[in-house]
Amino acid sequence: RVQSGGLSGSRLGVRGQEDLGGGLRAFFTLESGLNLDDGTYGQGTFWGRQAYVGLGTPYGNVSLGRQYSSLYTLTDQFSQFSNVASGASTAVIGGFGGYEPVRGSTSSATGNGGPARVNNSVKLESANYGGFSAGALWGMGEVTGGTKGNRVADIYGRYTGYGVDAMVSMVDDKADVLGQNRRTVSAAAAYDWNSFRFNGGVMEVNDRSVANQDGKGYWLGASYRLGQHQFKGQYVESKNAGALPDGKTQAFGVGYQYDLSKRTALYSSVTRFKNDGIGYVD
């Protein structure tokens with residue numbers, strides 16, 4: 001078949017910033033995902049990847065619009081296969097009663113794309129202090145008559161230094177209109193040593209709605225770079241503990257990438273999936 005995306009989703013976008021003086025700057029991003037095989041929008045809406053405006057200061061940034069939550073960043077930057085639906089990627093984690101925390105779910109408070117991308121959101125992100133940074137995001141559901149019933153709340157922290165990169169995240173996703181209330185807690189880390197990179201992460205979804213379909217997952221990966229060549233492998237496991245019947249998915253994949261230039265690469269991967277549970281098929 002012909003399929004768009006994979007290692008990196010096709011997109012059309014524009015960014016800009018302006019120096020306002022006194023250490024202040026204004027910035028914006030508009031980014032549209034494109035499916036080159038059939039010309040449709042990648043996320044179901046034109047500026048579906050990101051669309052926000054913000055103000056930068058010496059102490060950090062504030063931005064408003066449709067933007068990534070910490071869950072997107074964590075599952076993308078700490079995974080050998082990112083969070084796209086190819087290879088043994090973090091996109092395997094999910095399916096907890098129809099809830100997809102990594103790939104995005106229309107059953108979230110934000111509707112289109114949440115909780116990985118959050119509409120109508122305000123994000124505060126600190127500057128880097130000795131390798132440490134933190135942030136918080138509030139996504140407003142914009143439902144008439146209520147400010148707390150439909151919303152996404154997100155807090156996170158990160159440390160980068162001495163070859164170590166680590167991040168923790170908590171995303172609280174509540175949609176009263178759909179009777180759903182889920183909290184996703186995640187942690188991930190990576191370590192760079194010469195040409196090697198090692199990574200891993202864990203994620204747990206606490207479903208506090210009536211269905212009570214909890215889930216958890218984790219991943220471990222490594223890669224080795226030799227000039228323009230990169231070799232990588234990763235194992236991912238996802239388990240839905242609250243659904244009937246209980247199910248578990250395991251995925252192990254290896255991949256190879258050859259960089260033709262800074263933005264163009266040839267790549268291939270093979271992944272073995274194993275699904276356990278009544279009605280599941282490998």
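K.L.:
Lay out the overall build of the protein chain with the relevant residues and their values.
P.N.:
Within the protein chain, the regular secondary structure consists of one helix and 14 strands. Taking 282 residues into account, the globule formula puts the C-alpha radius of gyration at 19 Å, and the protein chain, at 19 Å, falls close to it. C-alpha extents for the protein chain along the principal axes are approximately 55 × 50 × 40 Å. Each of the 282 residues in the protein chain was classed as buried or not, and the buried ones make up 43%. Restricting to contacts in the protein chain with at least 6 residues of sequence separation, those with at least 24 account for 46%. Counting every atom, the protein chain has about 14600 Å² of accessible surface; 57% of that belongs to carbon and sulfur.

K.L.:
Please provide a residue-by-residue account of unusual backbone geometry, values included.
P.N.:
Although it is not a glycine, Y162 adopts a positive phi angle of roughly 55°. Take Y162: it is sitting in the loop between strand 7 (150-161) and strand 8 (164-175). One non-glycine residue, N212, adopts positive backbone phi at about 55°. Residue position: N212 is located in the loop between strand 10 (196-207) and strand 11 (215-226).

K.L.:
Explain the pairing of strand 8 to me, using residue names and the numbers behind them.
P.N.:
Inspection of the sheet shows strand 7 paired to strand 8 by 12 bridges, in the antiparallel sense. Directly across from N150, in strand 8, lies its bridge partner A175. The antiparallel hairpin formed by strand 7 and strand 8 contains two residues in its connecting segment, where Y162 sits at a positive phi of about 55°. Taken together, the 12 bridges between strand 8 and strand 9 (residues 180-193) define a ladder with antiparallel strand orientation.

K.L.:
So what's going on with the pairing of strand 1 (residues 11-21)? Residues and values would help.
P.N.:
Note: strand 1 against strand 2 (residues 24-33), 10 bridges, orientation antiparallel. Following the sheet pairing, G21 is matched in strand 2 by L24. Where strand 1 folds back onto strand 2 in an antiparallel hairpin, the turn is made up of two residues, including G22, whose phi is positive at roughly 65°.

K.L.:
Quick rundown of the nonpolar core? Include the residues and the values.
P.N.:
In this structure, I93, W219 and V236 are the most contacted members of the largest nonpolar core, which totals 23 residues. Sorting the residues of this core by element identifies helix 1 (70-77), strand 7, strand 8, strand 9 and strand 10 as the ones contributing at least two each.

K.L.:
Which residues make up the environment of G227, and what values go with them?
P.N.:
Topologically, G227 is positioned in the loop between strand 11 and strand 12 (229-240). By relative accessible area, G227 is classed as exposed at 58%. A sequence separation of 39 residues divides G227 from A188, and the C-alpha atoms of the two residues are 27 Å apart.

K.L.:
Account for a nonpolar patch on the surface, with residues named and values stated.
P.N.:
There is a patch of nonpolar side chains on the surface, built from V164, Y191, W193, F196 and F198 and spanning about 450 Å² of accessible area. Mapped by element, the contributors of at least two residues to the nonpolar patch are strand 9 and strand 10. Along the chain, Y191 falls in strand 9.

K.L.:
How would you explain helix 1 if you had to name every residue and give the values?
P.N.:
Across the eight residues of helix 1, six count as buried, placing the element largely inside the fold. Among all positions in helix 1, only S70, L71, Y72, T73, L74 and T75 are buried.

K.L.:
How would you summarise the pattern of salt bridges if you had to cite specific residues and measurements?
P.N.:
For the structure shown, the criterion picks out 11 salt bridges. Residue R158 is joined to D165 by a salt bridge in which the shortest nitrogen-to-oxygen separation is 2.7 Å. The closest approach of N and O atoms between R183 and D172, which form a salt bridge, is 2.9 Å. In this pair, R183 is assigned in strand 9 and D172 in strand 8, connecting sequence segments 11 residues apart. D172 gets classed as buried once you look at its relative accessible area, which sits at 6%. Connected via shared salt-bridge partners are R151, D172, R183 and R208.

K.L.:
Could you give an account of the packing of aromatic side chains, with specific residues and numbers?
P.N.:
Scanning the entire structure with this criterion turns up 10 aromatic pairs. Measuring from ring centre to ring centre gives 6.3 Å for F27 and Y52, while their planes differ by 75°; the resulting arrangement is edge-to-face. In this pair, F27 is assigned in strand 2 and Y52 in strand 3 (residues 50-57), connecting sequence segments 25 residues apart. Of the two residues, F27 and Y52, neither departs from the other in class, the shared state being buried.

K.L.:
Explain the environment of A222 residue by residue, including any values.
P.N.:
Topologically, A222 is positioned in strand 11. On the basis of relative accessible area, A222 is assigned to the partly exposed category, the value being 29%. Linking A222 and D165, residues 57 residues apart in sequence, is a C-alpha distance of 14 Å. With residues up to four places along the chain from it excluded, the contact list for A222 reads Q80, R197, F198, N199, F231, K232 and G233.

Calculation rules
Residues numbered from 1 in each chain as written. Predicted model: local features only at pLDDT ≥ 70, side-chain atom pairs only at ≥ 80, totals over all residues. Heavy atoms only, no water. Helix = DSSP H or I, 4+ residues; strand = E, 2+ residues; numbered from the N terminus. Rg over C-alpha atoms; globule rule 2.2 N^0.38 Å. Buried < 20%, exposed > 50% of the residue type's maximum accessible area, 1.4 Å probe, protein only. Contact = heavy atoms within 4.5 Å. Areas by Shrake-Rupley, 256 points an atom, 1.4 Å probe, with all protein chains shown as cover. Pairing = 2+ DSSP bridges. Core = buried A, V, L, I, M, F, W, Y, C linked by side-chain atoms within 4.5 Å. Patch = residues over 30% accessible without salt bridge, like charges linked within 9 Å, V, L, I, M, F, W, Y side chains within 5 Å. Salt bridge = Lys/Arg side-chain N within 4 Å of Asp/Glu carboxyl O. Phe/Tyr/Trp six-rings, centres within 6.5 Å; stacked < 30°, edge-to-face > 60°.

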